[in-house]
Amino acid sequence: MMIDDEVEEIHIPHIRDEDDQDGDSDRELQVAFASGLLKPGLFRPITAPPPAINNEVGLLEKLEEISQSDLEWVERLDVTIKRNKSEVTEDDQTDVHNDFQREVSFYGQAQNSVISAMLRLHSSGINTKRPDDYFAEMAKKDDHMKKVGVKLLALKKRRETSEKNQNNFKLRKYGKQVQRAVTLERQQKKREVLSSIKKFKKGKITNTDFLDDSSKENRPQGKKLSQLQKLQKHKVNHKRNFRDKKYGFGGKKKGQKRNTNTSSNDVSGFKRKVHGNKKNVRPGKSKRTKLKSKR
Amino acid sequence: MARKRKAGERNEQKSKLQKLNSEVKPEEQEPAVTNELTDMEPLTKGRWKNKQKVLVFTSRGITFKGRHLIKDLRNLMPHTKTDVKMDRKSDLLMVNEICELKNCNKCVYLVGKKGRDVYMWVSNVPHGPSALFHVEYLNMMEELKFTGNCLKASRPILSFDSKFDETPHMKLLKELFIQVFGTPNYHPKSQPFIDHVFTFSVMDGKIWFRNYQIVEETGGELVEIGPRFTMTLSRILSGSFGGPVLYCNPDYQSPNLMRHLHKKKNSMKYVEHKAAKVDKRMRRSDKTFATDETDQVFDTNLTAGS
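Description of the structure in this document. Treat the numbers as computed from the prediction; the structure is a model and nothing was measured.

Conventions adopted
Residues numbered from 1 in each chain as written. Chains lettered and ligands numbered in written order. Predicted model: local features only at pLDDT ≥ 70, side-chain atom pairs only at ≥ 80, totals over all residues. Heavy atoms only, no water. Helix = DSSP H or I, 4+ residues; strand = E, 2+ residues; numbered from the N terminus. Buried < 20%, exposed > 50% of the residue type's maximum accessible area, 1.4 Å probe, protein only. Contact = heavy atoms within 4.5 Å. Areas by Shrake-Rupley, 256 points an atom, 1.4 Å probe, with all protein chains shown as cover. 1 Å grid on protein atoms, 1.4 Å probe; cavity = no way out; pocket = protein on both sides within 12 Å on 5 of 7 lines; lining within 4 Å. Points joined across faces, edges and corners; volume = space filled by probe spheres on them. Nonpolar A, V, L, I, M, F, W, Y, C, P; charged D, E, K, R; others polar. Expected span 1.5 Å × (residues − 1). Salt bridge = Lys/Arg side-chain N within 4 Å of Asp/Glu carboxyl O. Polar contact = N/O pair within 3.5 Å; in protein donor to acceptor, adjacent residues only side chain to side chain. Pairing = 2+ DSSP bridges. Core = buried A, V, L, I, M, F, W, Y, C linked by side-chain atoms within 4.5 Å. Disulfide = S-S within 2.5 Å. Phe/Tyr/Trp six-rings, centres within 6.5 Å; stacked < 30°, edge-to-face > 60°. Lys NZ or Arg CZ within 6 Å of the ring centre and 35° of its normal.

All right, on to the overall build of chain A then. A count of helices and strands for chain A gives 11 helices and three strands. Moving toward the C terminus, one meets the helices and strands of chain A in the order β-α-β-α-α-β-α-α-α-α-α-α-α-α. Each of the 295 residues in chain A was classed as buried or not, and the buried ones make up 19%. At a minimum sequence separation of 6, the contacts of chain A that also span at least 24 residues come to 47%. Here chain A displays about 25,500 Å² of accessible surface, and carbon together with sulfur accounts for 52% of that area.

What follows is the structure in C-alpha cells.
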C-alpha cells in the first residue's frame, strides 16, 4: 500500500514524557510499528491531546480511604467558605490579572473563615490567643522584622511628603486664582470710574457720587476678597505698628523738632508740683549782703 | 586454712552488704532532686492523636525560589522533616522508600525542571493518592512586602474555597491538603496558639495559596505573612507516586507548551506586519484620479496642441 502524493494521517499514541517534546522519539515509533500502526510510506502524526480522565468513583473511593472521620474538628482546623464575589467589582467576575481585586477576594475568604473558626474554637472553650508574657521563636526573626519596619516607615514618609507637596500645589493654585480675580476687579472699577469722569466732564452726569462709591467699592469685596483680607489681616506686624505710632511714618523729616509759635506757647506740660514753688530758695545778692552787714 | 578463708569471706560479704545498705538508706530517705524533670510527663502524651509526619524535600536542579519555598514550609510547619536533594534521574518510587526510612506518612516533593519550572508532588505515602502540580507565581516569606509575623510552630487554620466541595477530585485534594498542611493538635513541637491562617482558593483553574497573620480575632483583621504560590493541577494518581491515573486535568498546559505558544504568538507579529505591508501595496491603485477617457474626445485644444 504505497501512497506517493497523499499523506496518510495516523494517530500515534502519546507515550513520551511531556518535557522532551523536541525531536522524534525512536521508542515511540518502535511501539507504533510493533502495534501494526506504521506501514511503509509517508506519515504525519496527529498530536491528539491526552484523553481527559476523570474517574469519579475511584476518586470518591480514595477519599473514603484517607478520610479521618474519627478525628474531631479541633485536630484538623479546616474551614470551607464560599468566597465572596468581590466587593470592589460589582459584577460577579473578579479579574485574575487585577492584583488588587484578586488579593481582596482572597483576604475576604481568609477573614470570614477566621471569624467562623474563632467562634467555634471559643465556644468549645479553647484559648487561642498568646499571652503577652509568653515568648517564643517567631517565623520571622527580629532583624528581618526590623527591616520590614524600616521599609514601612520609609513608605509612610514618602506618602506624607507627596501629600504635603500636593496640598501646597493646590494652595498655590488657589492663591493665584484669587490674585487674578482681584486685579481684574480693580481694573474693572478703574475703567468704570474713568468712564464716569469722562461723562461728568461732558456734562452727561451732574452728581459726583461715583467718586464716593468708587472709594467705597475700591475696598475689596466679595467672598474671595474678604478671604484675601483675612489673609492680610492675619499678618499684622504689631511691632511695626507701634513704632509707626511712636515715631511717625512717612512725611518730611527735616525741622520736625524745631520750636514754633504754638509749641513755645504750649504750657500743657507745666506741672506745679514739679516746676512750681521750690523749697530752699536762696535769697538774692542784695538781701544776702544786708543780712551780712546786720551781723 | 580453708575454713578460715571461708569464714573471712563470709565476714567480708556481710560487711559489704552492710556497707551497701548503709549507702542506700540515706538516698531513700531524701527525695531525689535530680529526677524531677524526667518524672514529669510530656504535656502532649496521650493527647497527640493525629500523627501526621510530612517529608518536605526537593529534587536536584531546583530553582532558588523552590528552595526558599521549602525553607518557608519547613519554617511554618513543625511536623515536617526533610532530606537531602534527590537525584532527578532516579525512580520516583524511591521517594516512597525515603519516606519510610524517615518515618513519614505524607510527602511534599518539589521537582525542578529545565532550571526554571517547579513541580510539586503532594502524596499520602504508603497507599496514595498523590497529586502533581505545576507551581507558579512564587513569593517568599523573606520578601519585605509581607509585613506579618507569626509564631514558628503555632497551628494554622486551613481555609478552603467552596469550590473544593464541588467535584470529587477537588474534595480529594482538600482532604490531602488538610492532612499535609495542618499541624496536628498537641504535636510535641507545636505551640498551643492559633495565630495564622492558610488560605486555599480556586481561581482561573489554579489553586492559590496565601498565609495571613491573625491580628485581631473577633474582627478578623489580617496581615499577610507569605509565602505565596499557585498550583495548577496536572493529574491525580491513585498510588503514591505511581499507579493508575484517577484524574487528568484537561485544561492543564505544560510550561513548555505555554512558552511555545507564547513564542509563536510573538513570532506572528513580524509576519503579520510584513503581510500587511504587502497587502497595502497591492491595494494601492496606479491612477491618482478616476477619470473617464471619453471626456477628452471633444477637446479641440488637445488635438491642436498635438
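Helices and strands together make up the secondary structure of chain B, namely seven helices and 11 strands. Looking at chain B residue by residue over its 306 residues, the buried ones come to 47%. Just so you have it, chain B exposes about 18,000 Å², and 53% of that area is on carbon and sulfur atoms.

This part is about the layout of surface pockets. Residue and element names in this part refer to chain B. When its volume is computed, the second largest pocket comes out at roughly 390 Å³. Along the walls of the second largest pocket sit 19 residues, with Asn185, Tyr186, Gln191, Pro192 and Phe193 positioned nearest its centre. Of the residues forming the lining of the second largest pocket, the biggest block, four residues, is contributed by strand E7 (residues 191-203). Residues belonging to the lining of the second largest pocket are distributed by class as follows: 10 nonpolar, seven polar and two charged.

To continue, consider helix H5 (residues 142-202) of chain A. All names here are of chain A. Between its first and last C-alpha, H5 extends 90 Å over 61 residues, near the 90 Å set by a 1.5 Å rise per residue. Residues of H5 that are buried include every one of His144, Val148, Val178, Val182, Lys189, Val193 and Ser196, and no others. Positive phi shows up at Gly203, right after H5, with a value of about 90°.

Residues and elements named next belong to chain B. Within the secondary structure layout, Val223 lies in strand E9 (residues 221-224). Residues Val223 and Gln213, 10 residues apart in the sequence, show an inter-C-alpha distance of 5.1 Å. Look past the residues within four positions of Val223 in its chain and what remains in contact with it is Thr147, Gly148, Tyr212, Gln213 and Val215.

Facing the 65 residues of chain A at the interface are 82 residues of chain B. Inspection of the chain A/chain B interface yields five salt bridges. Linking B:Arg210 and A:Glu103 is a salt bridge whose minimum nitrogen-to-oxygen distance equals 2.7 Å. At the boundary of chain A with chain B, the tally comes to 34 residue pairs in polar contact (both at pLDDT 80 or more). Split into classes, the residues belonging to the side of chain A that touches chain B amount to 29 nonpolar, 16 polar and 20 charged. Of the pairings in the sheet, the one linking strand E3 (residues 78-81) of chain A to strand E6 (residues 154-161) of chain B comprises four bridges and is parallel in character. When the bridges of E6(B) are listed, A:Val79 appears paired with B:Ser159.

Counting 47 residues, the largest nonpolar core has B:Met120, B:Phe133, B:Phe177, B:Phe200 and B:Ile207 as the members making the most contacts within it. Ranked by the residues each element gives to this core, the list is headed by helix H5 (residues 168-181) of chain B, at eight residues. Judged by nonpolar contacts, the second largest core, of 20 residues, contains A:Val79, A:Ala110, B:Met203 and B:Trp208.

With that settled, the discussion passes to the state of the cysteines. Considering all chains together, one arrives at zero disulfides over all chains under this definition. Between B:Cys99, a cysteine without a disulfide, and B:Cys107, which holds the nearest cysteine sulfur, the sulfur-to-sulfur distance is 3.9 Å.

Let us now look at the pairing of strand E10 (residues 228-237) of chain B. Residues and elements named next belong to chain B. Among the 10 residues in E10, nine count as buried, and that is most of the element. Pairing of strand E5 (residues 130-139) with E10, which is carried by eight bridges, proceeds in the antiparallel orientation. When the sheet's bridge partners are listed, Ala131 is paired in E10 with Ile236. Two strands pair when backbone bridges link them, and E10 and strand E11 (residues 245-248) are joined in this way by three bridges, in the antiparallel orientation. Residue pairing across strands places Leu237 opposite Val245, the latter belonging to E11.

So, about empty space enclosed by the protein. Under the defined criterion, the tally for this structure stands at two cavities of 30 Å³ or more. In this structure, the second largest cavity occupies an estimated 30 Å³ of space. Along its surface, the second largest cavity is lined by A:Glu75, A:Arg76, B:Asn50, B:Gln52, B:Ile178, B:Gln179, B:Gly182 and B:Thr183. When contributions to the lining of the second largest cavity are tallied by element, the ones reaching two or more residues are helix H3 (73-76) of chain A together with H5 of chain B. Residues of the lining of the second largest cavity, tallied by class, amount to one nonpolar, five polar and two charged.

Let's shift gears to the packing of aromatic side chains. Evaluation of the coordinates by the stated rule reveals 18 aromatic pairs over all chains. The interplanar angle of 0° and the centroid separation of 6.1 Å between the aromatic rings of B:Tyr137 and B:Trp208 together place this pair among those described as stacked. Of this pair, B:Tyr137 sits in strand E5 while B:Trp208 sits in strand E8 (residues 206-216), placing them 71 residues apart in sequence. Clustering of aromatic rings is evident, with ring pairs tying together B:Phe133, B:Phe160, B:Phe164, B:Phe177, B:Phe181, B:Phe198, B:Phe200, B:Phe209 and B:Phe229. Directly above the ring of A:Trp73 sits A:Arg120, whose terminal nitrogen or CZ lies 4.3 Å from the centroid.

All names here are of chain B. Relative to the elements of secondary structure, Gln213 occurs in strand E8. At a separation of 3.0 Å, a polar atom in the side chain of Gln213 contacts the main-chain amide nitrogen of Asn149. With near-sequence residues (within four places) excluded, Gln213 lies in contact with Gly148, Asn149, Asp195, His196, Glu221, Leu222, Val223 and Ile225.

Residues and elements named next belong to chain A. Over its 25 residues, helix H4 (residues 99-123) extends 36 Å from the first C-alpha to the last, a length consistent with the 36 Å expected when each residue adds 1.5 Å. Sitting at the head of H4, Asn98 places a side-chain oxygen 3.2 Å from the backbone nitrogen of Phe100. Positive backbone phi, at 75°, marks Gly125, one or two positions downstream of H4.

It is worth spelling out unusual backbone geometry at this point. Residues and elements named next belong to chain B. For the bond from Gly128 to Pro129, the omega torsion is 5°, close enough to zero to count as cis. Inspection of the secondary structure puts Pro129 in the loop between strand E4 (117-124) and E5. Backbone torsion omega between Gly226 and Pro227 reads -5°, so that peptide bond is classified as cis. Phi angles above zero are rare outside glycine, and Lys114 is one such case at about 60°. Relative to the elements of secondary structure, Lys114 occurs in the loop between strand E3 (106-113) and E4.

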